[in-house]
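# Geometric and topological summary
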Amino acid sequence: MTEMQAPMALDVAVVMDPIGKIKIGKDTSFAMMLEAQRRGHRLHYVVPGGLSLDGARPMARLAPAQVRDDPADWYCLGAVSTRPLAEMDVVLMRTDPPVDADYLHDSHILSLAQDAGVLVVNDPRGLRDLNEKLGALLFPQCCPPTRVSRDAAELKAFVAEHGDAVLKPLDGMGGRSIFRVRAGDPNLNVILETLTESGRHLALAQRYLPEITDGDKRILLVDGEPVPYCLARIPQGDEFRGNLAAGGRGEGRPLSDRDRWIAAQVGPELKRRGMLFVGLDVIGDWLTEVNVTSPTCVRELDAQFGLNIAGQLFDAIEARRAGRG
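Residues numbered from 1 in each chain as written. Predicted model: local features only at pLDDT ≥ 70, side-chain atom pairs only at ≥ 80, totals over all residues. Heavy atoms only, no water.

Right, let's talk about the nonpolar core for a bit. Counting residues in hydrophobic clusters, the biggest one holds 37 residues, and the most contacted among them are Leu85, Leu280 and Leu287. Beyond its immediate chain neighbours, meaning those up to four positions away, Leu280 contacts Lys217, Arg218, Ile219, Leu221, Ile262, Ala263, Val266, Leu287, Glu289 and Val290. (Core = buried A, V, L, I, M, F, W, Y, C linked by side-chain atoms within 4.5 Å. Buried < 20%, exposed > 50% of the residue type's maximum accessible area, 1.4 Å probe, protein only. Contact = heavy atoms within 4.5 Å.)

Now the structure itself:
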């Protein structure tokens, strides 16, 4: 028998928010970079705004990068140069929302890189197709009652029908611009005017789920399979939002049977779409969002349960690059 060969070193480019501003104790992109480096892969940091085209050839302003798990000194970058993205084996697309015009334009550049043989995580087509609020509605059996509209009267009727609802824009993150409203709320009209910009933009209304007091659970899927623990983000004080960015407290828990059922409903379709790393938001028994752009909570779950979730992801990446995925 021949010995199994070690995986070849890969060139891994990382498109992310400015590395000098991250909090490494909570940053999932940083966890991925640490794992890639641990495995001997070569890291390349894409300078923010550094994607471009030379004719039809996708390019990037890249700096070789080294990372350290040290909150006082966590990265070192080499000289920046403009190189074809086709020289990379993998691109990790990890820029935070909003998914605005600039984000979409970058995703088209990454699609061209994908056509040239680069593995882009997550698949750029999926990033364009799966709005993180609307993507959950592909799985209606998993979702609470929901209404999406520009029409204030329709959204008001939904609130009146359910008595207690959450209203939010389709392009937010971190709990921003999310409102809890009850039927008859005197602020409802102005909230809807603000969210829809007087009927110009879609907004989402969802039945309020009182189980939020027990936490908004983040379930991570790696290549369609759930990590066995979730991070419940529990609202604090008089805040109804559990998002960590809104002050929620993170508490790790094993997945429930219902959590696993939801993951089984969603996972195969997202894997089919090339979504290797996804975060599901689940309140009580209900799926509320499917996060595909820059899911987080890896560092917290790794620390609480001795996991290596980025390692699972790079197992999947290396398998894809080796033609086994």
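On to the sheet that holds strand β10 (residues 179-182). Two strands in a sheet stick together by hydrogen bonds in their backbones, pointing the same way (parallel) or opposite ways (antiparallel). Ordered by their spatial adjacency, four strands build an open sheet running β8-β11-β9-β10, and the pairing between neighbours is antiparallel. Strands at the two margins of the open sheet, each flanked by one partner only, are β8 (146-149) and β10. Neighbour-to-neighbour, the strand axes of the sheet open up by a mean angle of 25 degrees, direction not taken into account. With respect to the sheet, helix α5 (residues 188-196) is in contact with β8, β9 (164-169), β10 and β11 (203-207), its orientation differing from that of β9 by roughly 25 degrees. (Pairing = 2+ DSSP bridges. Helix = DSSP H or I, 4+ residues; strand = E, 2+ residues; numbered from the N terminus. Axes fitted to C-alpha atoms, helices over the stretch in contact; angles between N-to-C directions.)

In terms of burial, β9 is largely enclosed, as six of its six residues are buried. Residues Asp164, Val166 and Lys168 of β9 are buried on one face, and the alternating residues Ala165, Leu167 and Pro169, pointing to the opposite face, are buried as well. Inspection of the sheet shows β9 paired to β10 by four bridges, in the antiparallel sense. Opposite Leu167, over in β10, you have Phe179 as the bridge partner. Sheet topology places β9 next to β11; five bridges connect them, and they run antiparallel.

So, about the environment of Glu35. Along the polypeptide, Glu35 turns up in helix α1 (residues 28-38). Residue Glu35 is classed as buried on the basis of its relative accessible area of 4%. Sequence-wise, Glu35 and Gly311 are 276 residues apart; in three dimensions their C-alpha atoms are separated by 6.2 Å. Once residues lying within four places of it in the same chain are set aside, the contact partners of Glu35 are Asn308, Ala310, Gly311 and Phe314.

For the structure shown, the criterion picks out 26 salt bridges. Arg39 is paired through a salt bridge with Glu35; the nearest N and O atoms lie 2.6 Å apart. For Arg39, a relative accessible area of 23% corresponds to the partly exposed category. Put simply, Asp89 and Arg321 hold a salt bridge, and the shortest N to O gap is 3.6 Å. (Salt bridge = Lys/Arg side-chain N within 4 Å of Asp/Glu carboxyl O.)

Function cannot be read off these values alone, since they describe shape.
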